[in-house]
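# Inside the fold
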Amino acid sequence: MLSHQHLKGLAGLSLFGGLLLTQPALAQNQPGVPAAAQSIGLASDSLTLGATLQAVLDANPSITNLTELSAASASRLSQTRAGFLPQVTGTATYTRIDPVVKLPFGGETLQFAPNNNYDFHVTAQYLLFDFGKNEATVKVAESQVQTAQDNITVARRDLAFNAAQVYYNILFMRESIKVQDQQIASLQAHRDEMNKRVQAGVSTRFDVTTTDVRITQAQNTKLDLQNQLRNQQVQLARLLHKPAQADIPVKGRLTYDPQPVNLEEEVIKASNNRPEVKLARDAENTAALQARLIEKSNMPSLGAGVQAGGKNGYILPDINRIRFNTVGVVQLSVPIYDGNKNKKQRVEAEANARAAVARTADTQEQIRADVRQAINNMDFSQARHANAQQQVAQATEALSKARDRYRYGVGQNLDVLDAETQLSQARLALVQAEYNYTLGQYQLRRATGEQIWQ
(Lines give C-alpha, C1' and ligand atoms only; values in the text may rest on other atoms or scores of the structure.)
Protein backbone atom coordinates (compact mmCIF):
# COMPACT_ATOMS: atom_id res chain seq x y z
CA MET A 1 0.00 0.00 0.00
CA LEU A 2 0.99 3.66 -0.43
CA SER A 3 2.65 5.19 2.59
CA HIS A 4 1.42 8.37 4.23
CA GLN A 5 4.39 10.24 2.79
CA HIS A 6 3.56 8.99 -0.71
CA LEU A 7 -0.03 10.18 -0.34
CA LYS A 8 1.22 13.61 0.66
CA GLY A 9 3.41 13.59 -2.43
CA LEU A 10 0.41 12.81 -4.62
CA ALA A 11 -1.63 15.55 -2.95
CA GLY A 12 1.04 18.11 -3.81
CA LEU A 13 1.55 16.90 -7.37
CA SER A 14 -0.76 19.47 -8.90
CA LEU A 15 1.40 22.23 -7.46
CA PHE A 16 4.53 20.44 -8.69
CA GLY A 17 2.99 20.25 -12.14
CA GLY A 18 2.28 23.97 -12.01
CA LEU A 19 5.97 24.66 -11.32
CA LEU A 20 6.93 22.59 -14.36
CA LEU A 21 4.21 23.95 -16.61
CA THR A 22 5.23 25.20 -20.06
CA GLN A 23 3.74 26.10 -23.42
CA PRO A 24 0.88 23.81 -24.51
CA ALA A 25 0.01 22.65 -28.01
CA LEU A 26 -3.21 23.74 -29.63
CA ALA A 27 -3.42 21.61 -32.77
CA GLN A 28 -2.52 18.03 -33.57
CA ASN A 29 0.52 16.87 -35.57
CA GLN A 30 2.33 20.21 -35.40
CA PRO A 31 6.11 20.17 -35.87
CA GLY A 32 7.88 20.42 -32.54
CA VAL A 33 4.74 19.76 -30.51
CA PRO A 34 5.26 17.19 -27.71
CA ALA A 35 3.97 13.75 -28.56
CA ALA A 36 1.69 13.83 -25.53
CA ALA A 37 -0.22 16.65 -27.17
CA GLN A 38 -0.22 15.06 -30.63
CA SER A 39 -1.66 11.83 -29.23
CA ILE A 40 -4.80 13.61 -28.06
CA GLY A 41 -7.56 12.97 -30.58
CA LEU A 42 -10.69 14.96 -31.27
CA ALA A 43 -14.01 13.68 -29.98
CA SER A 44 -17.48 15.14 -30.16
CA ASP A 45 -18.22 14.48 -26.48
CA SER A 46 -14.83 15.49 -25.05
CA LEU A 47 -12.42 18.41 -25.12
CA THR A 48 -8.98 17.90 -26.62
CA LEU A 49 -6.07 19.94 -25.34
CA GLY A 50 -6.34 22.34 -28.27
CA ALA A 51 -10.08 22.75 -27.86
CA THR A 52 -9.65 23.31 -24.12
CA LEU A 53 -7.05 26.03 -24.59
CA GLN A 54 -9.06 27.80 -27.27
CA ALA A 55 -12.23 27.67 -25.18
CA VAL A 56 -10.40 29.09 -22.15
CA LEU A 57 -8.82 31.90 -24.17
CA ASP A 58 -12.17 32.77 -25.74
CA ALA A 59 -14.08 32.73 -22.44
CA ASN A 60 -11.70 34.53 -20.08
CA PRO A 61 -12.58 38.19 -19.40
CA SER A 62 -9.00 39.10 -18.48
CA ILE A 63 -8.04 38.84 -22.15
CA THR A 64 -10.97 41.07 -23.07
CA ASN A 65 -9.84 43.54 -20.40
CA LEU A 66 -6.30 43.73 -21.80
CA THR A 67 -7.62 43.96 -25.34
CA GLU A 68 -9.73 46.96 -24.39
CA LEU A 69 -6.76 48.54 -22.61
CA SER A 70 -4.75 48.08 -25.79
CA ALA A 71 -7.52 49.76 -27.76
CA ALA A 72 -7.43 52.64 -25.27
CA SER A 73 -3.67 52.97 -25.79
CA ALA A 74 -4.19 53.10 -29.55
CA SER A 75 -6.79 55.81 -29.03
CA ARG A 76 -4.36 57.83 -26.92
CA LEU A 77 -1.82 57.52 -29.71
CA SER A 78 -4.37 58.96 -32.14
CA GLN A 79 -5.00 61.80 -29.71
CA THR A 80 -1.31 62.70 -29.55
CA ARG A 81 -1.06 62.68 -33.35
CA ALA A 82 -3.88 65.23 -33.42
CA GLY A 83 -1.30 67.75 -32.18
CA PHE A 84 0.10 67.91 -35.74
CA LEU A 85 -3.26 69.10 -37.10
CA PRO A 86 -4.94 72.51 -36.89
CA GLN A 87 -7.39 73.06 -34.06
CA VAL A 88 -10.64 74.80 -35.11
CA THR A 89 -13.16 76.12 -32.60
CA GLY A 90 -16.49 77.88 -33.07
CA THR A 91 -17.73 80.26 -30.37
CA ALA A 92 -20.98 82.21 -29.89
CA THR A 93 -21.31 84.64 -26.99
CA TYR A 94 -24.11 86.86 -25.72
CA THR A 95 -23.39 89.42 -23.00
CA ARG A 96 -25.85 91.81 -21.32
CA ILE A 97 -24.30 94.99 -19.84
CA ASP A 98 -26.11 97.37 -17.50
CA PRO A 99 -25.51 100.22 -17.16
CA VAL A 100 -23.58 101.52 -20.16
CA VAL A 101 -21.94 104.92 -20.64
CA LYS A 102 -24.29 107.55 -22.16
CA LEU A 103 -23.48 111.21 -22.85
CA PRO A 104 -25.81 114.00 -23.98
CA PHE A 105 -24.55 115.70 -27.17
CA GLY A 106 -26.34 118.22 -29.37
CA GLY A 107 -29.75 117.32 -28.09
CA GLU A 108 -29.06 113.57 -28.47
CA THR A 109 -27.77 110.88 -26.19
CA LEU A 110 -24.61 109.14 -27.28
CA GLN A 111 -24.19 105.50 -26.20
CA PHE A 112 -20.66 104.10 -26.53
CA ALA A 113 -21.48 100.41 -25.90
CA PRO A 114 -24.61 98.35 -26.53
CA ASN A 115 -26.53 96.73 -23.73
CA ASN A 116 -26.83 93.48 -25.74
CA ASN A 117 -23.48 92.26 -27.05
CA TYR A 118 -23.20 89.48 -29.63
CA ASP A 119 -20.01 87.79 -30.77
CA PHE A 120 -19.87 84.89 -33.26
CA HIS A 121 -16.50 83.70 -34.53
CA VAL A 122 -14.44 80.71 -35.69
CA THR A 123 -10.88 80.33 -34.45
CA ALA A 124 -8.18 78.23 -36.13
CA GLN A 125 -4.87 77.53 -34.35
CA TYR A 126 -1.82 75.69 -35.64
CA LEU A 127 1.47 74.82 -33.99
CA LEU A 128 4.20 75.89 -36.40
CA PHE A 129 7.28 74.65 -34.55
CA ASP A 130 7.91 73.11 -31.12
CA PHE A 131 11.44 71.70 -31.42
CA GLY A 132 10.15 68.09 -31.52
CA LYS A 133 7.99 68.11 -28.37
CA ASN A 134 4.89 66.80 -30.10
CA GLU A 135 6.86 64.20 -32.01
CA ALA A 136 8.41 62.95 -28.75
CA THR A 137 4.93 62.67 -27.23
CA VAL A 138 3.80 60.53 -30.17
CA LYS A 139 6.83 58.26 -29.81
CA VAL A 140 6.03 57.65 -26.13
CA ALA A 141 2.41 56.82 -27.01
CA GLU A 142 3.56 54.39 -29.73
CA SER A 143 5.80 52.61 -27.24
CA GLN A 144 2.88 52.32 -24.80
CA VAL A 145 0.72 50.76 -27.51
CA GLN A 146 3.40 48.14 -28.15
CA THR A 147 3.61 47.39 -24.44
CA ALA A 148 -0.16 46.90 -24.26
CA GLN A 149 -0.03 44.45 -27.16
CA ASP A 150 2.83 42.50 -25.60
CA ASN A 151 0.88 42.33 -22.32
CA ILE A 152 -1.92 40.58 -24.20
CA THR A 153 0.57 38.03 -25.52
CA VAL A 154 1.90 37.33 -22.02
CA ALA A 155 -1.60 37.06 -20.56
CA ARG A 156 -2.72 34.63 -23.27
CA ARG A 157 0.36 32.51 -22.69
CA ASP A 158 -0.08 32.40 -18.91
CA LEU A 159 -3.77 31.62 -19.22
CA ALA A 160 -3.06 28.83 -21.69
CA PHE A 161 -0.44 27.41 -19.32
CA ASN A 162 -2.94 27.37 -16.46
CA ALA A 163 -5.44 25.55 -18.65
CA ALA A 164 -2.81 23.03 -19.80
CA GLN A 165 -1.75 22.45 -16.20
CA VAL A 166 -5.29 21.59 -15.19
CA TYR A 167 -5.75 19.49 -18.33
CA TYR A 168 -2.68 17.33 -17.68
CA ASN A 169 -3.45 17.10 -13.97
CA ILE A 170 -6.79 15.56 -14.94
CA LEU A 171 -5.04 13.03 -17.20
CA PHE A 172 -2.51 12.23 -14.48
CA MET A 173 -5.19 11.70 -11.85
CA ARG A 174 -7.06 9.38 -14.19
CA GLU A 175 -3.93 7.29 -14.77
CA SER A 176 -3.21 7.19 -11.04
CA ILE A 177 -6.75 5.99 -10.35
CA LYS A 178 -6.25 3.23 -12.91
CA VAL A 179 -3.12 2.12 -11.04
CA GLN A 180 -5.11 2.03 -7.79
CA ASP A 181 -7.85 0.03 -9.49
CA GLN A 182 -5.23 -2.51 -10.59
CA GLN A 183 -3.93 -2.82 -7.05
CA ILE A 184 -7.43 -3.16 -5.58
CA ALA A 185 -8.37 -5.81 -8.16
CA SER A 186 -5.16 -7.74 -7.48
CA LEU A 187 -5.68 -7.60 -3.70
CA GLN A 188 -9.29 -8.71 -4.06
CA ALA A 189 -8.20 -11.66 -6.20
CA HIS A 190 -5.60 -12.52 -3.56
CA ARG A 191 -8.27 -12.31 -0.84
CA ASP A 192 -10.56 -14.64 -2.81
CA GLU A 193 -7.75 -17.14 -3.09
CA MET A 194 -7.09 -16.92 0.65
CA ASN A 195 -10.77 -17.48 1.40
CA LYS A 196 -10.49 -20.75 -0.49
CA ARG A 197 -7.38 -21.63 1.51
CA VAL A 198 -9.22 -20.82 4.75
CA GLN A 199 -12.08 -23.10 3.72
CA ALA A 200 -9.53 -25.77 2.92
CA GLY A 201 -7.95 -25.30 6.36
CA VAL A 202 -4.50 -24.27 5.14
CA SER A 203 -4.76 -20.58 6.12
CA THR A 204 -6.25 -18.53 8.91
CA ARG A 205 -8.81 -15.72 8.93
CA PHE A 206 -6.05 -13.41 10.12
CA ASP A 207 -4.51 -13.37 6.63
CA VAL A 208 -7.91 -12.52 5.11
CA THR A 209 -8.44 -9.71 7.63
CA THR A 210 -4.97 -8.30 6.97
CA THR A 211 -5.66 -8.29 3.24
CA ASP A 212 -9.03 -6.59 3.79
CA VAL A 213 -7.19 -3.84 5.69
CA ARG A 214 -4.87 -3.32 2.72
CA ILE A 215 -7.83 -3.24 0.33
CA THR A 216 -9.51 -0.57 2.44
CA GLN A 217 -6.32 1.49 2.49
CA ALA A 218 -6.04 1.22 -1.30
CA GLN A 219 -9.67 2.30 -1.63
CA ASN A 220 -9.02 5.31 0.61
CA THR A 221 -6.09 6.29 -1.60
CA LYS A 222 -8.35 5.99 -4.62
CA LEU A 223 -10.90 8.27 -2.93
CA ASP A 224 -8.18 10.87 -2.36
CA LEU A 225 -7.23 10.71 -6.03
CA GLN A 226 -10.86 10.96 -7.09
CA ASN A 227 -11.26 14.04 -4.90
CA GLN A 228 -8.21 15.64 -6.54
CA LEU A 229 -9.58 14.75 -9.95
CA ARG A 230 -12.90 16.38 -9.16
CA ASN A 231 -11.13 19.51 -7.87
CA GLN A 232 -9.16 19.75 -11.10
CA GLN A 233 -12.40 19.40 -13.09
CA VAL A 234 -13.91 22.24 -11.04
CA GLN A 235 -10.83 24.35 -11.75
CA LEU A 236 -11.17 23.66 -15.48
CA ALA A 237 -14.84 24.63 -15.31
CA ARG A 238 -13.83 27.91 -13.69
CA LEU A 239 -11.31 28.63 -16.45
CA LEU A 240 -14.03 27.88 -18.99
CA HIS A 241 -16.46 30.08 -17.01
CA LYS A 242 -18.90 27.20 -16.58
CA PRO A 243 -19.23 27.05 -12.80
CA ALA A 244 -22.47 25.06 -13.00
CA GLN A 245 -20.73 22.25 -14.91
CA ALA A 246 -18.07 20.88 -12.60
CA ASP A 247 -17.30 17.75 -14.65
CA ILE A 248 -15.88 19.03 -17.94
CA PRO A 249 -15.12 16.02 -20.17
CA VAL A 250 -11.58 15.93 -21.54
CA LYS A 251 -9.97 13.40 -23.85
CA GLY A 252 -6.35 12.31 -23.94
CA ARG A 253 -3.69 10.19 -22.34
CA LEU A 254 -0.16 10.59 -21.07
CA THR A 255 2.60 9.34 -23.35
CA TYR A 256 6.37 9.30 -23.18
CA ASP A 257 8.45 10.26 -26.21
CA PRO A 258 11.83 11.81 -25.24
CA GLN A 259 13.38 14.23 -27.72
CA PRO A 260 16.98 15.49 -28.02
CA VAL A 261 17.51 19.10 -26.90
CA ASN A 262 20.38 21.51 -27.62
CA LEU A 263 20.90 23.91 -24.72
CA GLU A 264 22.66 26.68 -26.64
CA GLU A 265 20.08 26.70 -29.44
CA GLU A 266 17.23 26.88 -26.95
CA VAL A 267 18.87 29.76 -25.06
CA ILE A 268 19.26 31.76 -28.29
CA LYS A 269 15.66 31.03 -29.23
CA ALA A 270 14.46 32.16 -25.80
CA SER A 271 16.42 35.42 -25.97
CA ASN A 272 14.78 36.25 -29.29
CA ASN A 273 11.22 35.06 -28.65
CA ARG A 274 10.28 35.40 -24.98
CA PRO A 275 7.55 38.03 -24.51
CA GLU A 276 9.16 39.04 -21.21
CA VAL A 277 12.19 40.19 -23.19
CA LYS A 278 9.93 42.18 -25.47
CA LEU A 279 8.20 43.75 -22.48
CA ALA A 280 11.55 44.62 -20.89
CA ARG A 281 12.71 46.20 -24.12
CA ASP A 282 9.40 48.03 -24.39
CA ALA A 283 9.98 49.47 -20.92
CA GLU A 284 13.55 50.40 -21.84
CA ASN A 285 12.40 52.13 -25.02
CA THR A 286 9.57 53.94 -23.24
CA ALA A 287 11.94 55.20 -20.53
CA ALA A 288 14.37 56.53 -23.14
CA LEU A 289 11.56 58.22 -25.07
CA GLN A 290 10.16 59.68 -21.85
CA ALA A 291 13.57 61.17 -21.07
CA ARG A 292 13.70 62.69 -24.55
CA LEU A 293 10.20 64.11 -24.12
CA ILE A 294 11.20 65.80 -20.86
CA GLU A 295 14.23 67.31 -22.57
CA LYS A 296 11.99 68.72 -25.30
CA SER A 297 9.28 69.96 -22.94
CA ASN A 298 11.38 72.96 -21.89
CA MET A 299 11.89 74.19 -25.47
CA PRO A 300 10.13 77.21 -27.03
CA SER A 301 7.06 76.81 -29.22
CA LEU A 302 5.80 78.91 -32.10
CA GLY A 303 2.13 78.97 -33.08
CA ALA A 304 -0.23 80.93 -35.29
CA GLY A 305 -3.95 81.58 -35.10
CA VAL A 306 -6.66 83.28 -37.07
CA GLN A 307 -10.17 84.27 -36.03
CA ALA A 308 -13.08 85.37 -38.20
CA GLY A 309 -16.67 86.17 -37.27
CA GLY A 310 -19.16 88.89 -36.49
CA LYS A 311 -19.89 91.05 -33.47
CA ASN A 312 -21.59 94.31 -32.53
CA GLY A 313 -20.36 97.11 -30.30
CA TYR A 314 -18.34 99.02 -32.85
CA ILE A 315 -18.25 102.83 -32.73
CA LEU A 316 -21.07 105.01 -34.06
CA PRO A 317 -23.13 105.48 -36.05
CA ASP A 318 -24.80 102.10 -35.16
CA ILE A 319 -23.25 100.27 -32.24
CA ASN A 320 -25.86 97.46 -32.43
CA ARG A 321 -24.98 96.49 -35.97
CA ILE A 322 -23.13 93.15 -36.28
CA ARG A 323 -20.05 93.53 -38.45
CA PHE A 324 -17.64 90.98 -39.91
CA ASN A 325 -14.22 91.05 -38.29
CA THR A 326 -10.96 89.12 -38.40
CA VAL A 327 -8.03 88.66 -36.03
CA GLY A 328 -4.61 87.12 -36.76
CA VAL A 329 -1.91 86.28 -34.25
CA VAL A 330 1.55 84.70 -34.15
CA GLN A 331 2.75 83.66 -30.68
CA LEU A 332 6.19 82.59 -29.48
CA SER A 333 6.29 80.96 -26.03
CA VAL A 334 9.69 80.70 -24.34
CA PRO A 335 10.05 79.04 -20.89
CA ILE A 336 12.31 81.21 -18.73
CA TYR A 337 12.31 79.76 -15.23
CA ASP A 338 10.39 76.81 -13.77
CA GLY A 339 12.10 76.43 -10.40
CA ASN A 340 14.49 73.76 -11.84
CA LYS A 341 11.52 71.43 -12.26
CA ASN A 342 12.58 70.31 -15.75
CA LYS A 343 16.14 69.67 -14.60
CA LYS A 344 14.91 67.44 -11.78
CA GLN A 345 12.55 65.64 -14.15
CA ARG A 346 15.50 64.87 -16.43
CA VAL A 347 17.42 63.37 -13.51
CA GLU A 348 14.42 61.15 -12.70
CA ALA A 349 13.96 60.12 -16.34
CA GLU A 350 17.64 59.19 -16.70
CA ALA A 351 17.43 57.05 -13.56
CA ASN A 352 14.33 55.31 -14.90
CA ALA A 353 16.12 54.63 -18.18
CA ARG A 354 19.09 53.05 -16.39
CA ALA A 355 16.71 50.96 -14.27
CA ALA A 356 14.96 49.73 -17.40
CA VAL A 357 18.29 48.65 -18.91
CA ALA A 358 19.11 46.76 -15.71
CA ARG A 359 15.70 45.06 -15.77
CA THR A 360 16.31 43.91 -19.33
CA ALA A 361 19.65 42.38 -18.35
CA ASP A 362 18.05 40.66 -15.35
CA THR A 363 15.25 39.34 -17.54
CA GLN A 364 17.76 37.86 -19.95
CA GLU A 365 19.51 36.09 -17.09
CA GLN A 366 16.22 34.75 -15.75
CA ILE A 367 15.28 33.44 -19.18
CA ARG A 368 18.58 31.60 -19.53
CA ALA A 369 17.99 30.08 -16.09
CA ASP A 370 14.44 29.05 -17.12
CA VAL A 371 15.79 27.21 -20.17
CA ARG A 372 18.45 25.41 -18.15
CA GLN A 373 15.92 24.41 -15.48
CA ALA A 374 13.50 23.11 -18.08
CA ILE A 375 16.17 20.96 -19.69
CA ASN A 376 17.33 19.73 -16.29
CA ASN A 377 13.77 18.71 -15.42
CA MET A 378 13.47 16.81 -18.69
CA ASP A 379 16.80 15.03 -18.15
CA PHE A 380 15.94 13.96 -14.61
CA SER A 381 12.44 12.91 -15.66
CA GLN A 382 13.99 10.64 -18.28
CA ALA A 383 16.26 9.13 -15.65
CA ARG A 384 13.33 8.63 -13.28
CA HIS A 385 11.31 7.05 -16.07
CA ALA A 386 14.08 4.53 -16.73
CA ASN A 387 14.33 3.76 -13.00
CA ALA A 388 10.54 3.41 -12.73
CA GLN A 389 10.47 0.94 -15.61
CA GLN A 390 13.11 -1.13 -13.88
CA GLN A 391 11.21 -0.89 -10.59
CA VAL A 392 7.99 -2.09 -12.25
CA ALA A 393 9.80 -5.09 -13.71
CA GLN A 394 11.49 -5.90 -10.39
CA ALA A 395 8.28 -5.40 -8.37
CA THR A 396 6.32 -7.60 -10.78
CA GLU A 397 8.87 -10.37 -10.41
CA ALA A 398 8.97 -9.95 -6.63
CA LEU A 399 5.18 -10.17 -6.43
CA SER A 400 5.12 -13.32 -8.53
CA LYS A 401 7.73 -14.96 -6.30
CA ALA A 402 5.95 -13.84 -3.10
CA ARG A 403 2.71 -15.37 -4.36
CA ASP A 404 4.42 -18.62 -5.26
CA ARG A 405 6.13 -18.79 -1.87
CA TYR A 406 2.86 -18.14 -0.08
CA ARG A 407 1.02 -20.64 -2.26
CA TYR A 408 3.51 -23.38 -1.38
CA GLY A 409 3.53 -22.47 2.32
CA VAL A 410 7.08 -21.18 2.56
CA GLY A 411 6.19 -17.47 2.59
CA GLN A 412 3.94 -15.14 4.55
CA ASN A 413 0.88 -13.22 3.48
CA LEU A 414 2.56 -9.98 4.58
CA ASP A 415 5.26 -10.56 1.94
CA VAL A 416 2.56 -10.71 -0.76
CA LEU A 417 0.88 -7.54 0.51
CA ASP A 418 4.19 -5.66 0.65
CA ALA A 419 4.99 -6.80 -2.90
CA GLU A 420 1.58 -5.57 -4.05
CA THR A 421 2.30 -2.15 -2.50
CA GLN A 422 5.75 -1.95 -4.07
CA LEU A 423 4.35 -2.76 -7.50
CA SER A 424 1.63 -0.13 -7.15
CA GLN A 425 4.20 2.47 -6.07
CA ALA A 426 6.44 1.58 -9.02
CA ARG A 427 3.55 1.97 -11.46
CA LEU A 428 2.65 5.33 -9.94
CA ALA A 429 6.29 6.41 -10.22
CA LEU A 430 6.24 5.45 -13.90
CA VAL A 431 3.08 7.48 -14.52
CA GLN A 432 4.50 10.41 -12.59
CA ALA A 433 7.72 10.31 -14.64
CA GLU A 434 5.67 10.44 -17.86
CA TYR A 435 3.65 13.31 -16.44
CA ASN A 436 6.73 15.23 -15.34
CA TYR A 437 8.50 14.77 -18.66
CA THR A 438 5.44 15.95 -20.58
CA LEU A 439 5.22 19.07 -18.47
CA GLY A 440 8.98 19.49 -18.84
CA GLN A 441 8.53 19.62 -22.61
CA TYR A 442 5.95 22.36 -22.19
CA GLN A 443 8.17 24.17 -19.70
CA LEU A 444 10.90 24.30 -22.31
CA ARG A 445 8.52 25.62 -24.94
CA ARG A 446 7.38 28.29 -22.54
CA ALA A 447 10.97 29.15 -21.62
CA THR A 448 11.86 29.62 -25.29
CA GLY A 449 8.82 31.79 -25.99
CA GLU A 450 7.11 29.56 -28.54
CA GLN A 451 3.45 30.32 -29.24
CA ILE A 452 1.53 27.43 -30.70
CA TRP A 453 -2.04 28.45 -29.97
CA GLN A 454 -4.03 30.21 -32.65
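Here the structure is shown first, and the text comes after it.
If you're wondering where the values come from, they're calculated on a predicted model, not measured in any experiment. (Residues numbered from 1 in each chain as written. Predicted model: local features only at pLDDT ≥ 70, side-chain atom pairs only at ≥ 80, totals over all residues. Heavy atoms only, no water.)

Our focus in this paragraph is the sheet that holds strand S1 (residues 87-96). Spatial ordering of the open sheet is given by S1-S4-S5-S6, a layout of four strands whose pairing is antiparallel. Because the sheet does not close on itself, it has two edges, and the strands there are S1 and strand S6 (323-333). Between one strand and the next, the sheet's axes are offset by a mean angle of 20°, whatever the strand orientation. Summarising the sheet, S1 and strand S4 (residues 116-129) pair through ten bridges and their orientation is antiparallel. Its bridge partner being in S4, Thr 93 is matched across the sheet by Asp 119. (Pairing = 2+ DSSP bridges. Helix = DSSP H or I, 4+ residues; strand = E, 2+ residues; numbered from the N terminus. Axes fitted to C-alpha atoms, helices over the stretch in contact; angles between N-to-C directions.)

This brings us to the packing of helix H9 (residues 275-297) against helix H10 (residues 341-407). When two helices pack together, their arrangement is given by the angle between the helix axes and by the axis-to-axis distance. Closest axis-to-axis distance for the H9/H10 pair is 9 Å, and the angle between their directions is 170°. The orientation of H9 relative to H10 falls into the category roughly antiparallel. Remark: the crossing between H9 and H10 carries left-handed chirality. When the residues that make up the contact of H9 with H10 are grouped by side-chain class, the tally is eleven nonpolar, seven polar and six charged. (Parallel < 35°, antiparallel > 145°, perpendicular 65-115°, else oblique. Left-handed = near helix turned anticlockwise from the far one by under 90°. Nonpolar A, V, L, I, M, F, W, Y, C, P; charged D, E, K, R; others polar.)

Our next topic: the packing of aromatic side chains. If you walk through the whole model with that rule in mind, you get six aromatic pairs. Aromatic pair Tyr 94 and Tyr 118: ring centres 5.3 Å apart, planes at 40°, arrangement tilted. In this pair, Tyr 94 sits in strand S1 while Tyr 118 sits in strand S4, placing the two residues 24 residues apart along the sequence. Note on Phe 172 and Tyr 435: the rings are 4.6 Å apart at their centroids and 35° apart in plane angle, and the pair reads as tilted. Linking Phe 172 in helix H6 (residues 133-200) with Tyr 435 in helix H11 (residues 413-447), this pair joins segments that are 263 residues apart in sequence. Phe 172 gets classed as buried once you look at its relative accessible area, which sits at 1%. Stacked on the ring of Tyr 406, the Lys or Arg Arg 197 has its end atom at 4.8 Å from the ring centre. (Phe/Tyr/Trp six-rings, centres within 6.5 Å; stacked < 30°, edge-to-face > 60°. Buried < 20%, exposed > 50% of the residue type's maximum accessible area, 1.4 Å probe, protein only. Lys NZ or Arg CZ within 6 Å of the ring centre and 35° of its normal.)

Any functional reading would require information that these geometric values do not contain.
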